Every structure is written in structure tokens, then in C-alpha cells.
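So you can see what is in the structure, the chains are spelled out below.
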Amino acid sequence: MNTASTDDRPRILLCNDDGIRAPGIQALADALAPLGDLVVVAPESEQSAVGHAITVRDPVRAHEVEFATEAGPIPAWAVTGTPTDAVKLACHELLEETPDLVVSGINDGPNTAVNVLYSGTVSAATEASILGLDAVAVSLCEWDVDDFSGAERWARRIVRLVLRSGLPDGVLLNVNVPYEPEGGIQGVAVTRQARSRWEEGFDTRTDPADREYYWLAGTFVDLDDGDRTDTTAVEEGYVSVTPLQHDLTAHDTLSALRNWNWASDEDAADEPE
Ligand code: MN
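From a predicted model like this one, the values you see are computed outputs, not experimental measurements.

Criteria and cut-off values
- Residues numbered from 1 in each chain as written.
- Predicted model: local features only at pLDDT ≥ 70, side-chain atom pairs only at ≥ 80, totals over all residues.
- Heavy atoms only, no water.
- Buried < 20%, exposed > 50% of the residue type's maximum accessible area, 1.4 Å probe, protein only.
- Helix = DSSP H or I, 4+ residues; strand = E, 2+ residues; numbered from the N terminus.
- Right-handed = clockwise from strand over helix to strand, strands pointing away.
- Pairing = 2+ DSSP bridges.
- Axes fitted to C-alpha atoms, helices over the stretch in contact; angles between N-to-C directions.
- Parallel < 35°, antiparallel > 145°, perpendicular 65-115°, else oblique.
- Left-handed = near helix turned anticlockwise from the far one by under 90°.
- Contact = heavy atoms within 4.5 Å.
- Nonpolar A, V, L, I, M, F, W, Y, C, P; charged D, E, K, R; others polar.
- Salt bridge = Lys/Arg side-chain N within 4 Å of Asp/Glu carboxyl O.
- Expected span 1.5 Å × (residues − 1).
- Phe/Tyr/Trp six-rings, centres within 6.5 Å; stacked < 30°, edge-to-face > 60°.
- Lys NZ or Arg CZ within 6 Å of the ring centre and 35° of its normal.
- Core = buried A, V, L, I, M, F, W, Y, C linked by side-chain atoms within 4.5 Å.
- Donors = N, O, S within 2.8 Å, 3.2 Å for Na, K, Ca; no water.

Student: Would you take a moment to explain the pairing of strand S1 (residues 11-15) for this structure?
Tutor: On a regular strand, one side chain projects to one face of the sheet and the next to the other, so that they alternate. When you tally the buried positions in S1, you get four out of five residues, the bulk of the element. In this fold, the crossover linking S1 to strand S2 (residues 37-43) by way of helix H2 (residues 23-32) has right-handed handedness. Summarising the sheet, S1 and strand S7 (residues 101-108) pair through four bridges and their orientation is parallel. Along S7, the bridge assignment pairs Cys 15 with Ser 104.

Student: Mind showing me how you'd approach the packing of H2 against helix H6 (residues 149-165) here?
Tutor: Each pair of packed helices can be summarised by the angle the axes make with each other and by the distance between the axes. The N-to-C vectors of H2 and H6 enclose an angle of 50°; their axes lie 9 Å apart at closest approach. Accordingly, the angle class assigned to the pair H2 and H6 is oblique. In the packing of H2 onto H6, the handedness of the crossing is right-handed. Together, Ala 27, Leu 28, Asp 30, Ala 31 and Leu 32 of H2 and Glu 152, Ala 155, Arg 156 and Val 159 of H6 make up the contact between the two elements. Broken down by class, the residue content of the contact of H2 with H6 amounts to six nonpolar, no polar and three charged.

Student: I'm lost on the pattern of salt bridges in this one. Help?
Tutor: Where side chains of opposite charge bring their charged atoms close, a pairing between them can arise. Scanning the model with the defined rule gives ten salt bridges in all. With a shortest N-O distance of 3.4 Å, Arg 205 and Asp 203 are connected by a salt bridge. Classification of Asp 203 by relative accessible area gives partly exposed; the value is 36%. Put simply, Asp 207 and Arg 211 hold a salt bridge, and the shortest N to O gap is 3.0 Å. Take Asp 207: its relative accessible area is 19%, and that puts it in the buried class. The exposure class of Arg 211 is exposed, given its relative accessible area of 54%. Within the structure, one salt-bridge network assembled from shared partners comprises Arg 192, Arg 195, Asp 224 and Asp 227.

Student: Please clarify how H6 should be interpreted in this entry.
Tutor: What sets the pattern is the α-helix's 3.6 residues per turn: residues three or four places apart point alike. Here H6 spans 24 Å end to end across 17 residues, near enough to the 24 Å set by a 1.5 Å rise per residue. Directly after H6, the chain includes Gly 166, whose backbone phi takes a positive value near 70°.

Student: Mind showing me how you'd approach the packing of aromatic side chains here?
Tutor: Centre distance and the angle of the planes are the two values used to describe a pair of aromatic rings. For the coordinates displayed, the defined rule picks out two aromatic pairs. Aromatic pair Trp 198 and Phe 220: ring centres 5.4 Å apart, planes at 65°, arrangement edge-to-face. Taken as a pair, Trp 198 in strand S11 (residues 196-199) and Phe 220 in strand S14 (residues 219-222) lie far apart in primary sequence, 22 residues in all. Residue Trp 198 is classed as partly exposed on the basis of its relative accessible area, which comes to 30%. The positively charged end of Arg 157 is found above the aromatic ring belonging to Trp 154, 4.2 Å away from the centroid.

Student: Where do I start with the nonpolar core in this structure?
Tutor: The nonpolar side chains of a soluble globular protein tend to be buried, and buried together. The biggest cluster of nonpolar side chains holds 40 residues, and the ones touching the most others in it are Leu 14, Leu 32, Val 40, Val 103 and Val 177. If near-sequence neighbours (up to four positions away) are discounted, Val 40 is found in contact with Leu 13, Leu 14, Ile 20, Ile 25, Phe 67, Ile 74, Pro 75, Ala 76 and Trp 77. Counting 22 residues, the second largest nonpolar core, distinct from the first, contains Leu 95, Val 122, Ala 124 and Ala 135.

Student: Looking at this structure, how should I read the coordination of the manganese ion?
Tutor: Six octahedral donors around a metal ideally subtend angles of 90 or 180 degrees, whereas four tetrahedral donors ideally subtend 109.5 degrees. Coordination of the manganese ion by the protein comes from Asp 17 (OD), Asp 18 (OD), Ser 48 (OG) and Asn 107 (OD1), over a distance range of 2.1 to 2.3 Å. Every donor residue of the manganese ion comes from the same chain, spaced as D-D-x29-S-x58-N. On the criterion of sequence distance, the pair formed by Asp 18 in the loop between S1 and H2 and Ser 48 in the loop between S2 and strand S3 (62-64) is long-range, its members being 30 residues apart. Accessibility expressed as a relative area gives 31% for Ser 48, which makes it partly exposed.

Student: How should I be thinking about the environment of Leu 167 in this particular structure?
Tutor: Relative to the helices and strands, Leu 167 is located in the loop between H6 and strand S9 (171-177). Considered as a pair, Leu 167 and Arg 157 are ten residues apart in the sequence and their alpha carbons are 15 Å apart. Not counting chain neighbours up to four residues away, the residues in contact with Leu 167 comprise Asp 134, Ala 135, Val 162, Leu 172 and Leu 173.

Next up, the structure:
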């Protein structure tokens, strides 16, 4: 084995939220195998919509599993926790060397607009960014499909650019690939996250013991008004690439908020002596 050449190859950690046996992470591994030395550390079970949760009251366990791409076997661990747990455990305990890049996906379904906050896929990449690593989240904007070839091709292209250019500190890329099996993708659009919300409804049901329970049943509402967002780009057939940051500060509001009269103590007059 020529170790000299492999030492030059970037080390790429793969994670996801659909579980280590999901077809999307296999597709991601197949797509990125030519670009670097891969290692997979991912949840052993599906963790979709767990957001940035971490496990603090239960043990986190990891066991090595077999994982192979067309280029051969790669090291892989299944982790009992969340996507964020998996990235932390990989970087702090399991891997001998810090990865050069973390790629999360390919998710089964889109992660645009406010869904970014609920997404375990994006959170794995966000955790990598918090750890100071370059990171990309990749989602395929359709559910339960077998054909990841379009998302694979665009993931490889985008990851190659990230490896070449690097990302600013604290910035990760959120990539959403339209499902266009006929090859109808128009190109890449660099977008912002759409304004949206879920208008929540719950189905109220009755269990066999005659107790009521609730099942989340929201409707997605796009609150944007026409300009290009992650949501509209995908609808128009573009691969959406959105730079995200984990600094959630509303920087534009800082100075106005500092001008509030924080020193006033009007309540003091109401308080009993
Ligand atoms: Mn998922």
C-alpha cells in the first residue's frame, strides 16, 4: 500500500440522521470515495428531526460496523445517540486524526427554510462547524426514493470545491438537491434560508386503553414573497447552497436593544417596603 499518497488525501467524516444503514449515507460514501479517505460515524437508528440534541442522561455506545464503497471497505462506527453525539464522539474519541471535512447526509427529504432548525442532518454539520471544522449538509428533496445519482453528483462537485476553497470560520453549507431523475437540474443557486413556519395542528387520537394522544400534523407555510430562497431555488430545479452559521445572535438588533433603558427601576415603586 502506498501510504505516502493516502496521507495527502483529505480525511472526510460522514454522518447523517437517517441511520448508518440508510441508503443516503451509502450514496454519499460512494460519491465522495474518490475525493478522500472516508470514515463513517453515524447513529445506529433513525434520528430525523432531533435537531441539535445531545445525550446527557444515558450512556452513548459505539460499535464498529462493516461499511464499504465501490472502492473498498472504510472504517465505520454506529452510535446509539444523536447526530450531534456521533460527530462529537468521532472527533473526540473514535478517530485518530481530526477530519478535514465533515459531510452529513444524504438526507431523505429536504432541509430548507425553518426545517433547518429541526434537522439532525444539518445539526451534524453544525456541530462540526462548532468544533472548527469545515462542514456540509446534503439533502435530497424527495422522500423514499432509490435514485440518489443526482444528489451524489452534486455532492461530489460541491465537496470538491469546499476542499479546494475552504469555508470561513463558523460557516457551514446547507445543500438541497432537487429530485430530477431525468437530469433536469438547472445548476447551483446560492440562497438564503426562506422565512417560513409550520402551522401546527395535532391529530387527536385514542389509544387502545381509551386514552387520548396527539400526533403532530402541521402544514408548511412559506412566508416569503418572491425573491430567491432555498425553497424557491429547489422548486425551480436548482441545487440550493445556503451558508449557515451557528451564531444565532440577531446582530442587527444589538444596538437598538442596548439603547433600551436598562437602568430604570420603575418596579421599585410598586414593591412593598
Ligand atoms: Mn433524516
